[in-house]
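Structural features, examined
Single-letter residue listing:
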Amino acid sequence: MTILERIRNGEDGILVIGNHAKIVQSILDFDYLSGKERPSVVGIIAGNRRAQKFFWGREEFLLPCFAKPALLPVELASRVRFMLNLQSGRRAFETAVSFFETFPKALGGHLFAENVPERHATELIKRYGGTKLIAGPSGVGLLVPKFLKLGAIGGIDAVQISEGRLTGAGSVAVVSTSGGMTNELIHGVARAGKELSFAISIGGDRFPIASLTDVLTLAQEDPATKALVYFGELGGEDEYEIAAMMKEKKFTKPLVAYIAGVIDEAFDEHMQFGHAKALVARQDESARAKRSALREAGAEAPDTFPEFLRAFTNLPGKEKRDTTISIEPLMNREKSILSTREIIDLEHAPTFIRGKKLAPAGAGAFVRATLAALLGKEPRSPVTSAFTEALFTLSLDHGGAVSGAVNTMITARAGKDLVSSLAAGLLTIGPRFGGAVNDAAKAWQKGVSEGKPASEFVESETKGGKLILGIGHLKYRVGLDDPRVKALSEFASLLKKHPHYDFARSVEKVTTAKNGNLILNVDGTIAALMLDILSECEGYSEAELAELADAEFFNALFVIPRSVGFIAHFMEQKRNDEGLFRLPENLLFVRKDKKKDR
Amino acid sequence: MPRVKLTEYEAKRLIIGDAYRGVSLRADAKTKIPAGKYVVKVDEGVKRRMKQGLVALNVAPADIGKTTAPWKKKGWTRFIAEPMVPHEEKDERYLSLERVREGLRMLYAREGGIEIETHPEKVERFSIANSADIARIAKTTGLPEPFLAHLVEIFDKDFFSFLEINPLIVNGERATPLDAAVLVDSAGAYFARGAWSEDDIVGGKAKHAAEERVAALQATTPASLKLSVVNPDGSLFFLLSGGGGSIVIADEAELAGVGSELGNYGEYSGGPTREETYLYAKEVLGLMLASKAKKKALVIAGGVANFTDIKSTFAGIIDALSEKADALRKANVKVFVRRGGPNEREGLAHMKEFLEREKLLGSIAGSEAVITEAVDEAIDFVKSAAV
């Protein structure tokens, strides 16, 4: 089966490399208007985001983004057939090679960049020429009406997709070096009452990866194609190859061609036109010489562009358009600016009272709802809820001496309101106070994934005097256990495996050998056990756990209960109302001012 | 992107390396030159320098100034002085390398100094894909293998597209390029990592201040902005878009017999912003107002764009037209438009409303019309006698 037939059989998965939102949206609109059930674009390679919003019809959806092709999940990777490379000339080669290394069975692609070096183009030809269908470098890509729009080809707004008849499959193939003229020809075919079998813009560079010969072979082998229209320019010798193919009967379908560039004759010297190849180096590369060669081989090659367009009407293929497509759904779409889901289902309020009695809400209903909101799904296991309940209870407050509580109280005493005082406390949370859970989680994940002995881990992590978060306490030490750690650690007995917890404990063994205060602290314990519980009881993968840590989920486990503690300290200060707090002078260490001494 | 030519000095410096004894001379700089006899040449990529008298042999350092003085008067600014290399004619060879679709193509002739186009029978062709090819070719031609391997390495590393050494002096294991020309791939500048730069490229220099300003603008945008002044007193001025579409429209003028009436040629494409389009259009309008032609038309035309936004690029053109509307009206200029693409309807509607209000409208059409319609009507307008 030829590549074109495979495309018409539905093999249309596109992986986009780089970003050009308008082009991507035009592909999705083309898919939608063609009546496809799902978008052909399966994802975008972009380093700085996880998803990008696009329209599918009128509805918005999130298209996933990945840092590199190898990171696509299997269900998406299995659909990938084409690369749409929108990178600049500096990155096009490297990213194209990486794509085809990841997807060796891909059918082809398009390189959009204008200034891909010749050496890179010839290298790509060496690797993929003849086996893959790759449009470019430069140009606007490949179009198989109704089935595949790979690039800006045919235009990027819905009106163009409709007027160019891009969603109706016909029998005229369009080939052009120039991207803009590809579109002009597509419109010309539509104006002549015909529809396309396929269209390709091979690009105006000196070494197009899919050569003119490749495309003519494709058109010859394609049962749907009955005729071909071609736009070429002065410069290069490709048209002689077409002529040769026609003479040798390797291409036998009707061909209408326009070779632009007689204007070159008006200049004193040969001029370099817009496309890299468009420069006459030898006499036989002139527009006139190439036209004659094509005519001689049996092609129709009119002198003027209007004549060229008129010749389309005589090409084989149906004249009538049988379907009209409505682009109405795609007009005046309004983009949302934030993505969200419903955190709480407002439609289904629970029953609190049944028959004048309290309805049983179940133990830990608030904690379960909190976890569901944070994780985006209900916790499956009672262990998860119970552990969260336990750590919430233990983290509620740690007395008035800790810095967050102090700030809350001082702010309350200054006469400020609840929210300001709470904020003063919350804003104190950071690497030295309360913010260690998240970093501890990252440390244990790193340790488990590296699989090195704890001693090595400690050595590399503490280089330059750095601390391991989750380790160490000012008061508790070996022989004087932190009772909270002891209580929480019991949860390990409910798990089959607890690699993070085990690792944290083995780190503790190493650190306490140096100093008895370097014990696994409550932050480190919460982090380790939460990782193990999410993994075993909720089925989280290492990658998903890393995402949670990146989003600071583990810090939320402290922020939520401690907010209650701060508010409690605020309430107490308001109840006592001792007036403005001022630090007694004798508690300040005042350095002597040298000027006053003189 | 296009192939561009390096100065002979830079070409040889890259090929020969530290052993190269040539000196680059600029019209505006004094250079100290060691004693000896020199060949002095104009180094601006001109062909057939010998015939044009742009080469002087056996020049002593003290006489170099005298030698180049008449060349400077003619406007040449770059020269090269190289120690004379005494050799026998029998040691002269022809060698060229070109990047082709399949890899590298080498042409070789045992006689140096010949015009290969006129002596195809003396030329041997080779295809180079790997080091085995190099060894085989060295054996067949008698060229020193290390020299050939070095050439191929430099050719790839420094993103050459074409290299011609004619003649190449071969004496046993020694190979000395006497005259060398190199075309580099301008798209490879970034990857060649400073091996050559813009300053080493000859020719193609802007002849007109407007061309220079557009080239400077081009250097700062991913869009494509090109301008060449053709006939400063032409009657047809163009704001064309698209590499291919612009040629089609200019062709139409040539076919109608008014090719010599073209004031400018060029294109804007690849999605320029409103501001970039404004700056570009301003240059074309400047040229147009300066033209002494009696009847002038502005053609704003191009194909049906794939992704260039018609509304915003037309807004840029209107910005430029508004500044000069009075002057354009006074000069009886009419504007002819044909353009299609994203946001075509809005763009055309704004343009039409503006041109009507300013009494500058010749005709206006969108993607329903043939691409050449605007230029055809502009030609009719400038050809018609009555003003």
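Being a predicted model, the structure only gives us computed values, none of them experimental.

1. A short note on the overall build of chain A
Of the regular secondary structure elements, chain A holds 23 helices and 15 strands. In terms of C-alpha radius of gyration, chain A reaches 34 Å, well past the compact-globule figure of 25 Å for 598 residues. For the C-alpha atoms alone, the extent of chain A along its principal axes is close to 105 × 80 × 55 Å. The burial tally for chain A puts 54% of its 598 residues in the buried class. Of the contacts formed within chain A by residues at least 6 apart in sequence, a portion of 75% connects residues at least 24 apart. The average position of the 76 basic charges and that of the 74 acidic charges among the side chains of chain A differ by 5 Å.

2. A word on the overall build of chain B
For chain B, the count of helices and strands is eleven helices and 18 strands. Counting only residues that meet the buried cut, chain B has 54% of its 387 residues in that class. Contacts in chain B between residues at least 24 apart in sequence constitute 71% of all its contacts with a sequence separation of at least 6. When the accessible surface of chain B is totalled, it reaches about 17,300 Å², and 52% of it is carbon and sulfur. Between the averaged position of the 54 positive side-chain charges in chain B and that of its 56 negative side-chain charges there is a distance of 4 Å.

3. Side note on the packing of helix α19 (residues 499-514) of chain A against helix α20 (residues 522-538) of chain A
Residue and element names in this part refer to chain A. Between α19 and α20, the shortest axis-to-axis distance is 7 Å and the interhelical angle comes to 155 degrees. When the axis of α19 is compared with that of α20, the two are roughly antiparallel. For the pair α19 and α20, the contacting residues are Pro499, His500, Tyr501 and Ala504 in the first and Ala528, Leu529, Leu531 and Asp532 in the second. When grouped by side-chain class, the residues that make up the contact of α19 with α20 number six nonpolar, one polar and one charged.

4. Side note on the nonpolar core
Within soluble globular proteins, side chains that are nonpolar generally end up buried alongside one another. Formed by 115 residues in total, the largest nonpolar core has its most connected members in Phe198 and Phe305 of chain A together with Leu236 of chain B. Of all hydrophobic cores here, the second largest spans 51 residues; its members include Leu495, Ala504, Leu520 and Met530 of chain A.

5. Section: the domain arrangement of chain A
Looking at the assigned domains, one finds that chain A contains domain 1 (3-328) and domain 2 (370-576). Placing a centre on the C-alpha atoms of domain 1 of chain A and another on those of domain 2 of chain A gives a separation of 56 Å.

6. Points about the packing of helix α16 (residues 436-450) of chain A against α19 of chain A
Residues and elements named next belong to chain A. For the pair α16 and α19, the least separation of the axes is 9 Å and the interaxial angle reads 95 degrees. With respect to each other, α16 and α19 are oriented roughly perpendicular. Two secondary-structure elements touch here, α16 through Ala443, Trp444, Gln445, Gly447 and Val448 and α19 through Pro499, His500, Phe503, Ala504 and Val507. For the contact of α16 with α19, the per-class residue count stands at seven nonpolar, three polar and no charged.

7. Brief notes about the sheet that holds strand β10 (residues 172-176) of chain A
Residues and elements named next belong to chain A. Spatially, six strands are ordered β9-β8-β11-β10-β12-β13 in an open sheet, and the strand pairing comes out mixed. On the outer flanks of this sheet lie β9 (148-150) and β13 (255-260), each paired with one strand and no other. Sheet twist, expressed as the mean angle between neighbouring strand axes with direction ignored, is 10 degrees. Direction of pairing for strand β8 (residues 141-144) relative to β9: antiparallel, over a ladder of three bridges. Bridge assignment links Leu143 to a residue of β9, and that residue is Lys149. Along the sheet, helix α9 (residues 238-247) makes contact with β12 (227-233) and β13, crossing β12 at roughly 150 degrees.

8. Examining the environment of Glu60 of chain A
All names here are of chain A. Looking at the element boundaries, Glu60 is found in strand β4 (residues 59-66). A C-alpha to C-alpha distance of 8.1 Å links Glu60 and Ser336, two positions 276 residues apart in sequence. Excluding residues that lie within four positions of it along the chain, Glu60 makes contacts with Lys53, Phe54, Phe55, Lys335 and Ser336.

9. Quick word on the pattern of salt bridges
In this structure the tally under the stated criterion is 49 salt bridges over all chains. The partner of Arg101 of chain B in a salt bridge is Asp214 of chain A, and the shortest N-O contact between them spans 3.9 Å. With Arg101 of chain B in the loop between β6 (92-100) and β7 (103-109) and Asp214 of chain A in helix α8 (residues 212-221), the pair connects residues from two separate chains. Between Lys41 of chain B and Glu82 of chain B there is a salt bridge, with its nearest N and O atoms 3.3 Å apart. Of this pair, Lys41 of chain B sits in strand β3 (residues 38-42) while Glu82 of chain B is found in strand β5 (residues 78-83), placing the two residues 41 residues apart along the sequence. The burial state of Lys41 of chain B is the same as that of Glu82 of chain B; both residues are buried. Salt bridges sharing partners connect three or more residues here, namely Glu8, Lys12, Lys41, Arg49, Glu82 and Asp179 of chain B.

10. A short note on the interface of chain B and chain A
Between chain B and chain A, the residue contacts involve 49 residues of the former and 64 residues of the latter. When the two sides are added together, the surface that chain B and chain A hide from each other amounts to roughly 4,300 Å², 61% of it contributed by carbon and sulfur. Viewed at the interface, chain A and chain B are joined by 20 residue pairs in polar contact (both at pLDDT 80 or more). Elements with a contribution of two residues or more to the side of chain B that touches chain A: β6, α5 (145-157), β13 (224-229), α7 (243-255), β15 (264-269) and β16 (297-304) of chain B. With ten residues, α7 of chain B is the single largest residue contributor to the side of chain B that touches chain A. Residue composition of the side of chain B that touches chain A, grouped by class: 21 nonpolar, 13 polar and 15 charged.

11. Focus: a negative patch on the surface
Residue and element names in this part refer to chain B. A contiguous patch of negative charge on the surface is contributed by Glu368, Glu373, Glu377 and Asp380. Following the sequence through the fold, Asp380 ends up in helix α11 (residues 373-383). On the basis of relative accessibility, which here comes to 53%, the residue Asp380 falls in the exposed class.

12. Some thoughts on the pairing of strand β1 (residues 13-17) of chain A
All names here are of chain A. Burial analysis of β1 places five of its five residues in the buried class, which makes it a mostly covered element. Two strands pair when backbone bridges link them, and β1 and strand β5 (residues 80-85) are joined in this way by five bridges, in the parallel orientation. Looking at the pairing, Leu15 lines up with Met83 of β5. Where β1 and strand β2 (residues 41-45) come together, four bridges link them in parallel fashion. Following the sheet pairing, Val16 is matched in β2 by Ile44. In this fold, the crossover linking β1 to β2 by way of helix α2 (residues 21-33) has right-handed handedness.

13. As for the packing of aromatic side chains
Here the structure, examined in full by the defined rule, presents 22 aromatic pairs over all chains. On the basis of an interplanar angle of 80 degrees and a centroid distance of 5.2 Å, the ring pair of Phe553 of chain A and Phe554 of chain A is categorised as edge-to-face. Phe554 of chain A carries the same exposure label as Phe553 of chain A, and that label is buried. Ring pairs connect the aromatic residues Phe231, Tyr258, Phe305, Phe308 and Phe312 of chain A, which therefore count as one cluster. Of note, Arg193 of chain B hangs over the ring of Tyr190 of chain B, and the distance from its end group to the ring centre comes to 5.3 Å. When the ring centre of Phe381 of chain B is taken as origin, the NZ or CZ atom of Lys295 of chain B, which lies over that ring, is 4.4 Å away.

14. Overview of the sheet that holds strand β2 (residues 23-26) of chain B
Hydrogen bonds along the backbone pair up the strands of a sheet, which may run parallel or antiparallel. All names here are of chain B. The strand order across the open sheet formed by four strands is β2-β5-β3-β4, and the pairing between neighbours is antiparallel. Each of the sheet's edge strands pairs with one partner strand only, and the pair in question is β2 and β4 (55-59). Averaged over all neighbouring strand pairs, the angle between strand axes comes to 20 degrees, with direction disregarded. Bridge count for β2 against β5 is four bridges, and the pairing is antiparallel. Along β5, the bridge assignment pairs Arg26 with Arg78. Strands in contact with helix α1 (residues 8-16) are β2, β3 and β5; relative to β5, the strand with the most contacts, it is inclined by about 45 degrees.

15. A short note on a nonpolar patch on the surface
Together, Ile410, Phe581, Leu583, Leu587, Leu588 and Val590 of chain A give the surface a local cluster of nonpolar side chains, amounting to about 530 Å² of exposed area. Turning to its location among the elements, Val590 of chain A is positioned in the loop between α22 (553-576) and α23 (594-597).

16. A look at unusual backbone geometry
For the bond running from Gly136 of chain A to Pro137 of chain A, omega is 5 degrees, close enough to zero to count as cis. Structurally, the position occupied by Pro137 of chain A is in the loop between β7 (133-135) and β8. Residue Pro167 of chain B is bonded to the preceding Asn166 of chain B through a cis peptide linkage, with omega at 5 degrees. Its place among the elements puts Pro167 of chain B in strand β9 (residues 160-171). Even without a glycine there, the phi angle at Arg193 of chain B is positive, about 50 degrees.

About the criteria used
- Residues numbered from 1 in each chain as written.
- Chains lettered and ligands numbered in written order.
- Predicted model: local features only at pLDDT ≥ 70, side-chain atom pairs only at ≥ 80, totals over all residues.
- Heavy atoms only, no water.
- Helix = DSSP H or I, 4+ residues; strand = E, 2+ residues; numbered from the N terminus.
- Rg over C-alpha atoms; globule rule 2.2 N^0.38 Å.
- Buried < 20%, exposed > 50% of the residue type's maximum accessible area, 1.4 Å probe, protein only.
- Contact = heavy atoms within 4.5 Å.
- Lys, Arg positive; Asp, Glu negative; His and termini not counted.
- Charge placed at Lys NZ, Arg CZ, Asp CG, Glu CD.
- Areas by Shrake-Rupley, 256 points an atom, 1.4 Å probe, with all protein chains shown as cover.
- Axes fitted to C-alpha atoms, helices over the stretch in contact; angles between N-to-C directions.
- Parallel < 35°, antiparallel > 145°, perpendicular 65-115°, else oblique.
- Nonpolar A, V, L, I, M, F, W, Y, C, P; charged D, E, K, R; others polar.
- Core = buried A, V, L, I, M, F, W, Y, C linked by side-chain atoms within 4.5 Å.
- Domains from an automatic or database assignment.
- Pairing = 2+ DSSP bridges.
- Salt bridge = Lys/Arg side-chain N within 4 Å of Asp/Glu carboxyl O.
- Buried area = accessible area lost by both parts, 1.4 Å probe.
- Polar contact = N/O pair within 3.5 Å; in protein donor to acceptor, adjacent residues only side chain to side chain.
- Patch = residues over 30% accessible without salt bridge, like charges linked within 9 Å, V, L, I, M, F, W, Y side chains within 5 Å.
- Right-handed = clockwise from strand over helix to strand, strands pointing away.
- Phe/Tyr/Trp six-rings, centres within 6.5 Å; stacked < 30°, edge-to-face > 60°.
- Lys NZ or Arg CZ within 6 Å of the ring centre and 35° of its normal.

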